[in-house]
Structure formats: structure tokens, C-alpha cells
Amino acid sequence: QARLEESGGGLVQAGESLRLSCTASGNIFSIDNMAWFRQVPGKARDLVASIASDGTVVHGDSVKGRFTITRDDAKRTVYLQMNSLKPEDTAVYYCKVEAVQRGTYRLLVVWGQGTMVTVSS
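Residues numbered from 1 in each chain as written. Predicted model: local features only at pLDDT ≥ 70, side-chain atom pairs only at ≥ 80, totals over all residues. Heavy atoms only, no water.

### Comments concerning the sheet that holds strand 1 (residues 2-7)
- Strand order in the open sheet formed by 4 strands is 1-3-8-7, and the pairing between neighbours is antiparallel. Each having just a single partner strand, strand 1 and strand 7 (67-72) make up the two edges of the open sheet. If you compare each strand with its neighbour and ignore which way they point, the axes differ by 15° on average.
- When strand 1 meets strand 3 (residues 18-26), the two strands line up antiparallel, connected through 6 bridges. Bridging from a neighbouring strand, E6 pairs with C22 of strand 3. (Pairing = 2+ DSSP bridges. Helix = DSSP H or I, 4+ residues; strand = E, 2+ residues; numbered from the N terminus. Axes fitted to C-alpha atoms, helices over the stretch in contact; angles between N-to-C directions.)

Structural data, given as C-alpha cells:
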């Protein structure tokens, strides 16, 4: 199986920056799409940004121009650089990776455990 380890969350003031990281490990042959989602209590989990294996990027409308998703395939890691943070960015941020399992070539969809980002005004 595969697993994800997230890091980088924390408490910051409005206008400051944070960088989230998510590293995949386990029985992985290759990684396809990587993405970040966020969720606040009582609401659905929303896409923040995604990046495909060919580098195609999608950013959610609310974060365009402020957040940037990148990936390092050699490290099996996806990053989310968050600049000009706002209080409404406060949420639990989850990493999601779609990977091909080594040996079986099955598609795996793996979620991270979540990391809290709190932005104070």
C-alpha cells in the first residue's frame, strides 16, 4: 500500500505565508495526479489545487494568484506554497495522491491525515 505524510501547517497572521509538504511512500510504481483539498467543519472538502504528472495545474478560484502547487517526482512530494493568507483560508488541508501500485499496477487513491492551517486576523 501507499501512505502520505503531510507537514507545514500552523498558526499565522493574515498576510503571512506557509508551505505545506506531502510525501508519498510505500509500494508505488508511479504517481499520477497530486492535489490539495481543504475542509472546514460542517462543509464539504474542496479542491485547492491539483497537479498532473505532465505538470498541468489547476488552482481553485479562491486561491488563484496566492497559492502555488508544485511537485518533485524524485522525492514523491507535492508542495503548496500559500502566500497572502487570509482568515478564510483557515481549514484542515488534505493531500491526495493517485498512484499506480508496484507489481499489481492497480490505481491507488490515497489521502493524507490532514494538517491544520489557522490564519488570524
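### Overview of the environment of V63
- Here V63 is to be found in the loop between strand 6 (57-59) and strand 7.
- Counting along the chain gives 26 residues from V63 to D89, while the straight-line C-alpha distance between them is 8.7 Å.
- When neighbours within four sequence positions are excluded, V63 is seen to be in contact with R38 and V48. (Contact = heavy atoms within 4.5 Å.)

### A word on the state of the cysteines
- For the structure shown, the criterion picks out 1 disulfide.
- The partner cysteine of C22 in its disulfide is C95, sulfur to sulfur 2.1 Å. Judged by the torsion about the S-S bond (-80°), the C22/C95 disulfide is left-handed. Residue C22 is found in strand 3, and its partner C95 is found in strand 9 (residues 91-101); the two are separated by 73 residues along the sequence. Taken as a pair, C22 and C95 share a single burial class, namely buried. (Disulfide = S-S within 2.5 Å. Buried < 20%, exposed > 50% of the residue type's maximum accessible area, 1.4 Å probe, protein only.)

### Focus: the packing of aromatic side chains
- Counted according to the given criterion, the structure contains 2 aromatic pairs.
- Here F29 and Y105 contribute two aromatic rings whose centre-to-centre distance is 5.2 Å and whose plane-to-plane angle is 75°, an arrangement assigned as edge-to-face. Residue F29 is located in strand 4 (residues 28-39), and its partner Y105 is located in the loop between strand 9 and strand 10 (107-111); the two are separated by 76 residues in the primary sequence.
- Taking relative accessible area as the criterion, Y105 reaches 53% and is therefore assigned exposed.
- In this structure, R45 packs its charged tip against the face of Y94, placed 3.6 Å from the ring centre. (Phe/Tyr/Trp six-rings, centres within 6.5 Å; stacked < 30°, edge-to-face > 60°. Lys NZ or Arg CZ within 6 Å of the ring centre and 35° of its normal.)

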